[in-house]
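Below, each chain spelled out in residue letters.
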Amino acid sequence: QVQLVESGGGLVQPGGSLSLSCAASGRIFRSDTMGWYRQAPGRQRDLVATITTSDLTNYADSVKGRFTISRDNAKNTVNLQMNSLKPEDTAVYYCNLQRGAGPWRYDYWGQGTQVTVSS
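Rules of the game
- Residues numbered from 1 in each chain as written.
- Predicted model: local features only at pLDDT ≥ 70, side-chain atom pairs only at ≥ 80, totals over all residues.
- Heavy atoms only, no water.
- Helix = DSSP H or I, 4+ residues; strand = E, 2+ residues; numbered from the N terminus.
- Rg over C-alpha atoms; globule rule 2.2 N^0.38 Å.
- Areas by Shrake-Rupley, 256 points an atom, 1.4 Å probe, with all protein chains shown as cover.
- Lys, Arg positive; Asp, Glu negative; His and termini not counted.
- Charge placed at Lys NZ, Arg CZ, Asp CG, Glu CD.
- Phe/Tyr/Trp six-rings, centres within 6.5 Å; stacked < 30°, edge-to-face > 60°.
- Buried < 20%, exposed > 50% of the residue type's maximum accessible area, 1.4 Å probe, protein only.
- Lys NZ or Arg CZ within 6 Å of the ring centre and 35° of its normal.
- Polar contact = N/O pair within 3.5 Å; in protein donor to acceptor, adjacent residues only side chain to side chain.
- Contact = heavy atoms within 4.5 Å.

Trainee: Before we go on, may I ask you to explain the overall build of the protein in this structure?
Mentor: Summing up its helical and strand segments, the protein has zero helices and 11 strands in all. Computed over its C-alpha atoms, the radius of gyration of the protein comes to 14 Å, within 12% of the 14 Å expected for a compact globule of 119 residues. By its C-alpha atoms, the protein is 40 × 30 × 25 Å across when sized along the principal axes. Put simply, the protein shows about 6,400 Å² of open surface, and 48% of that area lies on carbon and sulfur atoms. Between the averaged position of the 12 positive side-chain charges in the protein and that of its 9 negative side-chain charges there is a distance of 3 Å.

Right, here's the structure in full:
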């Protein structure tokens, strides 16, 4: 079993920055991919960024150049540095751990943390 605990959300003005952190506990495999997803009201949960244990990253087009994902494999943590925030970045952000792929994929989720970008 895996537990994910996020921290760092809050209210920020447009153009500002926030940093999110996620700590994973339990049985973590080197093959696990970690990342962040977000869900705005009335919308589906979308990928923000993912990172493998080899530091291979993947970003949604909407956040490229503004967000940076990083991972500490020794501490089982993943961070998301968000810069130049826009109102459309407002959402609940969920930490994710993906195990396996295709039909063998299983996702673990954190409880979510609210990010609000507003003046």
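More follows now that the structure is in view.
Trainee: What am I meant to see in unusual backbone geometry here?
Mentor: Backbone phi values are negative for most residues with the exception of glycine, while trans is the configuration of most peptide bonds. A positive phi is found at Asp55, a non-glycine position, where the angle reads about 65°. Take Asp55: it is sitting in the loop between strand S5 (46-51) and strand S6 (57-59). Notably, Ser84 is not glycine yet its phi reads approximately 50°, a positive angle. With respect to the element layout, Ser84 can be found in the loop between strand S8 (77-82) and strand S9 (91-99).

Trainee: Teacher, can you tell me more about the packing of aromatic side chains here?
Mentor: Describing an aromatic ring pair means giving the distance of the ring centres and the angle of the ring planes. Tallied over the full model, the rule gives three aromatic pairs. Between the aromatic rings of Tyr37 and Trp109, the centroid separation amounts to 5.1 Å while the plane-to-plane angle is 75°, which identifies the pairing as edge-to-face. One end of the pair, Tyr37, is in strand S4 (residues 33-39); the other, Trp109, is in strand S10 (residues 106-109), and 72 residues separate them in sequence. Under the relative-accessibility criterion, Tyr37 is labelled buried at 10%. Through a chain of ring-to-ring contacts, the aromatic side chains of Tyr37, Tyr94 and Trp109 assemble into a single cluster. In this structure, Arg45 packs its charged tip against the face of Tyr94, placed 3.6 Å from the ring centre. For the cation-ring pair, Arg45 lies above Trp109, with the distance from its terminal atom to the ring centre recorded as 4.5 Å.

Trainee: Honestly, the side chain of Arg66 in this entry has me stumped. Any pointers?
Mentor: Here Arg66 shows up in the loop between S6 and strand S7 (67-72). A relative accessible area of 11% means that Arg66 is categorised as buried. Side-chain polar atoms of Arg66 contact the side chain of Asp89, separated by 2.7 Å. Among residues more than four places away in sequence, those in contact with Arg66 are Gln81, Met82, Asn83, Ser84, Leu85, Lys86 and Asp89.

Keep in mind these numbers describe shape, not what the thing actually does.
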